[in-house]
Amino acid sequence: MKKLLITLLVPCCSLAVNAQTKKPAAKKTTRTAVAPVKFAGTLDSASYAFGMSMASSLKNGGLKTLNYEFLMKGLKDEFAGQKTLLTQQSAQKAIENTFKTVSQAKFSANIAEGKTFLENNKKNSGVQTTASGLQYMVLTPGTGTKPKETDSVLVHYKGTLLNGKQFDSSYDRGEPITLTLDRVIPGWTEGMQLMSAGSKFRFFIPYQLAYGERGAGPDIPPYSTLIFEIELLKVKGK
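The structure contained in this document is the topic of the report that follows. (Residues numbered from 1 in each chain as written. Predicted model: local features only at pLDDT ≥ 70, side-chain atom pairs only at ≥ 80, totals over all residues. Heavy atoms only, no water.)

By secondary structure assignment, the location of Ser 169 is in strand S4 (residues 166–169). Among the polar contacts listed, one links the side chain of Ser 169 to the backbone nitrogen of Tyr 171, at a separation of 3.2 Å. Here the side chain of Ser 169 touches Asp 172 through a polar contact of 3.1 Å, landing on its backbone nitrogen. Those residues in contact with Ser 169 that sit more than four places away from it in its chain are Tyr 157 and Lys 158. (Helix = DSSP H or I, 4+ residues; strand = E, 2+ residues; numbered from the N terminus. Polar contact = N/O pair within 3.5 Å; in protein donor to acceptor, adjacent residues only side chain to side chain. Contact = heavy atoms within 4.5 Å.)

Below is the structure:
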C-alpha cells in the first residue's frame, strides 16, 4: 500500500519523462543445447580415433587446416573403389608440395639468410660459382689427379654453419675419412671433382646441394647453407 501511495503522488510530467527515457527491456536469448555425440559402436569410435590420429600427425608436420570437403571425398572415393580425382603419383606429389610449402614458410629465415650470403659471397675475390650454384675458393692448389664421381677418396674436412658454428670435423677426430663421391651430398660430389690430390678448397654449399629441407640431425637445421673446408689427401679410385 505504501508503494502505491508514493506512485500516485508523482506528477504527470514526471511520468511523461519517464515514459520517454525508459529503456526497452532486453530480449532474452535462448541457446539451443548441442546434443553430445554418441558412438553407436566400435566402428564409430574407431572412425573418430582415426580422425584424431590423422589430425595429430598432420599438425605435428606443420599443417594447420585442410579442406574437409575434399578430405571426406578422398576417403569415400577410396573406400568405395571409385575412380579418384588424382592418381597415386599425383596424390603423393600434392602431399609433398604441401609439406614443402609449410616447411619453407617455417624456415624462411634460413632460406633468406643463405640466399643473401651467397649473393654477397660470390662478389668476393677468389670465389668461383658453378652452374649449379656451388661456390668455392682454392686455398691450396694440388698437383695430383682429380677424382671421378665413382671414386673413393681420402679427405680431411670441417663443416660449419653460416654463423660459424662447427658441426663436424675430421681434424678434431684426429684422422681423415675415406668416402665415395657418389654417396655424399651433391655439393661434395660436384665440388671434389674440381679438386686435385693435395689441394684444399673452401666450399659454400646452398641448401639444395646440401641437406635440403630436412637438414641433418640436431646440428644442421633445414634449408641450411653450409661451409666446408676440404683437403683431398688421396684419390683411391673405384
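In terms of strand pairing, strand S3 (residues 152–161) meets S4 through three bridges, oriented antiparallel. In the sheet register, Gly 159 faces S4, and the bridge partner there is Asp 168. (Pairing = 2+ DSSP bridges.)

Judged by side-chain polarity, Val 37, Phe 39, Tyr 48 and Met 52 come together as a nonpolar surface patch covering roughly 490 Å² of accessible area. By the element assignment, Tyr 48 lies in helix H3 (residues 42–60). The exposure class assigned to Tyr 48 is exposed, which follows from its relative accessible area of 52%. (Patch = residues over 30% accessible without salt bridge, like charges linked within 9 Å, V, L, I, M, F, W, Y side chains within 5 Å. Areas by Shrake-Rupley, 256 points an atom, 1.4 Å probe, with all protein chains shown as cover. Salt bridge = Lys/Arg side-chain N within 4 Å of Asp/Glu carboxyl O. Buried < 20%, exposed > 50% of the residue type's maximum accessible area, 1.4 Å probe, protein only.)

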